[in-house]
Amino acid sequence: MFSSRRVVAAAKFLGILAVLGLLMHTGARLFSTRYNTNGQGIFDMWGDSLANNKDYGGGADGLGEYSPQGIKPVNAAFVAFVRNSDLYGMRKTIQEIESRWNHNYNYPYIFLNDKPFTDKFKQGVKDLTKAEVRFGQLEPDTWGYPPWIDQKKAQVERETSNYIKGRSESYRFMCRFQSGFLHKHPLLKDLEFYWRLEPDVHYFCNIDYDPFLYMKNNGLKYGWNIAPTEYEPTVRTLWNTTLQFMDRYPELIPKDSMIDWVRDSKGAYTKCHFWSNFEIVDLSFYRSEQYSKFFDFLDHSGGFFYERWGDAPVHSLAVSIFLKKSQVHYFDDIGYYHPAMAHCPDGSKERGKCVCDPKEGWANGFTCAKRWRQIS
Ligand SMILES: Nc1nc2c(ncn2[C@@H]2O[C@H](COP(=O)(O)OP(=O)(O)OP(=O)(O)O)[C@@H](O)[C@H]2O)c(=O)[nH]1
Ligand SMILES: [Mg+2]
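Residues numbered from 1 in each chain as written. Chains lettered and ligands numbered in written order. Predicted model: local features only at pLDDT ≥ 70, side-chain atom pairs only at ≥ 80, totals over all residues.

## Some details on the overall build of the protein
The test is simple: Secondary structure counts use DSSP, requiring at least four H or I residues in a row for a helix and at least two E residues in a row for a strand, with both numbered from the N terminus. A residue is called partly exposed when the number of other C-beta atoms within 10 Å of its own lies between 12 and 20, exposed at 12 or fewer, and buried at 20 or more, with C-beta atoms placed from the backbone. Here, residues touch in the contact sense if the C-beta positions derived from the backbone fall within 7 Å of one another.
Along the backbone of the protein there are 14 helices and 10 strands. Every one of the 376 residues in the protein was classed for burial, and the buried ones make up 39%. Long-range pairs, those at least 24 residues apart, make up 80% of the contacts in the protein with a sequence separation of at least 6.

## Quick notes on the site of ligand 1
We count it as follows: Here, nearness is defined through the C-beta atom: a residue counts as near a molecule or strand if that backbone-placed atom lies within 6 Å of it. Throughout, the ten residues Ala, Val, Leu, Ile, Met, Phe, Trp, Tyr, Cys and Pro are labelled nonpolar, Asp, Glu, Lys and Arg are labelled charged, and all others, Gly among them, are labelled polar.
Around ligand 1 there are 14 residues in total, and V82, R83, S170, M174 and E198 lie nearest to it. Counting residues per element, the shell around ligand 1 draws most heavily on helix α6 (residues 169-180), at three residues. The residue makeup of the shell around ligand 1, split by class, is seven nonpolar, three polar and four charged.

## Some points on helix α3 (residues 87-105)
Short version of the rule: How far a helix is expected to stretch is found by multiplying one less than its residue total by 1.5 Å. In this scheme, the bend at a residue equals the angle between the axes fitted to the seven residues that finish there and the seven that begin there.
Across its 19 residues, α3 extends only 23 Å between first and last C-alpha, which sits more than 12% below the 27 Å expected from 1.5 Å per residue. In α3, a bend of some 65° at S99 exceeds every other bend along the element. Listed as buried for α3 are M90, T93, I94, E96, I97, R100, W101, N102 and Y105. Buried residues along α3 sit against β1 (76-81), α4 (119-126) and β5 (202-203). Two residues or fewer after α3 comes N106, characterised by a positive phi angle close to 55°.

## Looking at helix α12 (residues 311-322)
In this model α12 runs 16 Å from its N-terminal to its C-terminal C-alpha over 12 residues, within 8% of the 16 Å that 1.5 Å per residue would give. Counting buried positions over the 12 residues of α12 gives 12, a clear majority of the element. Every buried residue of α12 is listed here: D311, A312, P313, V314, H315, S316, L317, A318, V319, S320, I321 and F322. Those residues of α12 that are buried are in contact with α6, β6 (222-224), α8 (238-248), α10 (289-301) and β8 (328-330).

## Description of the nonpolar core
Formally: Residues enter a nonpolar core if they are buried, belong to Ala, Val, Leu, Ile, Met, Phe, Trp, Tyr or Cys, and are joined to the set through C-beta atoms within 7 Å.
Of all hydrophobic cores here, the largest spans 86 residues; its most connected members are F78, F193 and A227. Among the elements that take part in this core, α12 stands out by supplying seven residues, more than any other. Sequence-distant contacts of F78, that is, excluding residues within four places in its chain, are made with Y107, Y109, I110, W195 and L197.

## Description of the pairing of strand β2 (residues 109-113)
Note the threshold: In this scheme, strands are said to pair when DSSP sees at least two bridges between them. By convention, orient the strands away from the viewer: a clockwise path from the first strand over the helix to the second makes the crossover right-handed.
Across the five residues that make up β2, a large majority, four, are buried. Note: β1 against β2, four bridges, orientation parallel. Counted as the bridge partner of F81 is L112 from β2. In terms of handedness, the path from β1 via α3 over to β2 forms a crossover that is right-handed. Of the pairings in the sheet, the one linking β2 to strand β3 (residues 133-137) comprises five bridges and is parallel in character.

## A look at the UniProt feature "active site" (unreviewed entry) in the protein
Note the cut-off: UniProt positions are given in the numbering used here, feature names are shortened, and annotations may be inferred rather than shown by experiment.
Under the UniProt annotation, "active site" (unreviewed entry) lies at E279. Locating E279 in the fold gives a position in the loop between α8 and β7 (280-282). Owing to 21 C-beta atoms within 10 Å, E279 belongs among the buried residues under this scheme. Excluding residues within four positions of it along the chain, E279 makes contact with R196, Y222, G223, W224, F274 and H315.

## Considering the environment of E132
With respect to the element layout, E132 can be found in the loop between α4 and β3. Put simply, E132 and P68 are 64 residues apart on the chain and 7.0 Å apart in space, counted from C-alpha to C-alpha. Those residues within four positions of E132 in sequence are excluded, and the remaining contacts are Q69 and P108.

## Considerations on unusual backbone geometry
Across residues other than glycine, the phi torsion is negative in most instances, and most of the peptide bonds are trans. Not every positive phi belongs to a glycine, and D200 is a case in point at roughly 60°. You will see that A340, though not glycine, has its phi angle at about 100°, which is positive. Take A340: it is sitting in the loop between β9 (336-338) and β10 (341-343). On the basis of neighbour count, A340 is assigned to the exposed category, with 8 C-beta atoms found within 10 Å.

## Digging into the packing of α6 against α12
Here is the rule: Lines are fitted to the C-alpha atoms to define the axes, a helix being fitted only along its stretch in contact, and any angle between axes, read from their N-to-C directions, falls within 0 to 180 degrees. Throughout this description, any angle smaller than 35 degrees is read as roughly parallel, any larger than 145 degrees as roughly antiparallel, any in the 65 to 115 degree range as roughly perpendicular, and the remainder as oblique. Crossing handedness: left-handed means the near helix sits turned counterclockwise from the far one by under a right angle, and right-handed means the same turn made clockwise.
Their axes nearest at 8 Å, the elements α6 and α12 cross at an angle of 25°. The angle between α6 and α12 places the two elements in the roughly parallel class. The handedness of the crossing between α6 and α12 is right-handed. Touching C175, Q178 and S179 of α6 are D311, V314 and H315, all from α12. When the residues that make up the contact of α6 with α12 are grouped by side-chain class, the tally is two nonpolar, three polar and one charged.

## Overview of the sheet that holds β8
The strand order β3-β2-β1-β4-β7-β6-β8 describes an open sheet built from seven strands, whose pairing is mixed. Edge positions in the sheet fall to β3 and β8, since each of these pairs with one other strand and no more. Between one strand and the next, the sheet's axes are offset by a mean angle of 20°, whatever the strand orientation. Judged from the four bridges that link them, β1 and strand β4 (residues 193-196) form a sheet pairing that is parallel. From the neighbouring strand, F78 faces β4, where its bridge partner is W195.

This is how it looks when you write it as structure tokens:
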């Protein structure tokens, strides 16, 4: 027989355990969302809500809408600009994005190339997915030099540069194409959103909801995942050219943009940029008058050739001067690697299905990711 003192002591002990459990649970939830700066509820990032939220394409019930040939909730696709020689790197990427996400969601793929795709490439990527795959070649005048470029001057820059990819002509064509023409390609004409893919990237974790639908339902224009600083010699005059554009077209520049992400307290360029090898974008942004005037202005200044402006800093400057922070989303729940940098989601051990070590998710600690958390 238990004495009443023992019963009271046991009840007290159980009560303390329950309170401790509740505190630990809440603490873990708060900890796991400490980088969540997009104003979502605290349970959104690792909790049940995104994975099982039908509003965002989560949960088994919602997946019926995502049959391979069916019409998807968002008119969206993966888009990759690649060479035939990228076949095996691309196959690695497709295999991972399929197994981590798209085998359930079946969004189509669009591959573009400056040369015709070989049958080997086409079959090689099609073999890895049941989703629709489309192939296209670039439109005339979107690859190579526009007529106003002084090609001798461009050559001198190439031959004297000491920065990465500085000596490559085709890399510059690629950066100009991805900045100004990719979103205008006829195969992308009807797309609302794209998700950029590159060869040889890794997706570390399962994704249990539809990021396209998440962006669409929340009015988000631009989604990113890794944000380093750009190497200065490649963008020597990019910031000043952007300031000149803002002076020339004040009517296109909103007052409440997230410009302080790229402009420090002294007015200098922070060189922060979103790595565009992963980007999920509402293409109405790139199709807007604002963006297209911005690209034309940059293009005419010649910096794609007289320096080596990348599409990542160009896209990021446009995002920063035209959009509000609330229109931009940090996909910090997506584990991702492109050669040289990785983002491993904080709290991924709890999720169980990631293959990265959160301690090595060092892109999260970069100056520009920190700056993102600080700006309003
Ligand atoms: N068709 C075609 N695709 C290209 C060319 N140059 C680059 N690409 C593609 O453009 C994308 C970006 O090029 P990358 O060489 O990966 O550029 P990066 O990511 O800055 O550099 P890495 O660190 O080498 O990956 C990749 O998907 C390439 O396959 C080219 O001349 N033709
Ligand atoms: Mg790359």
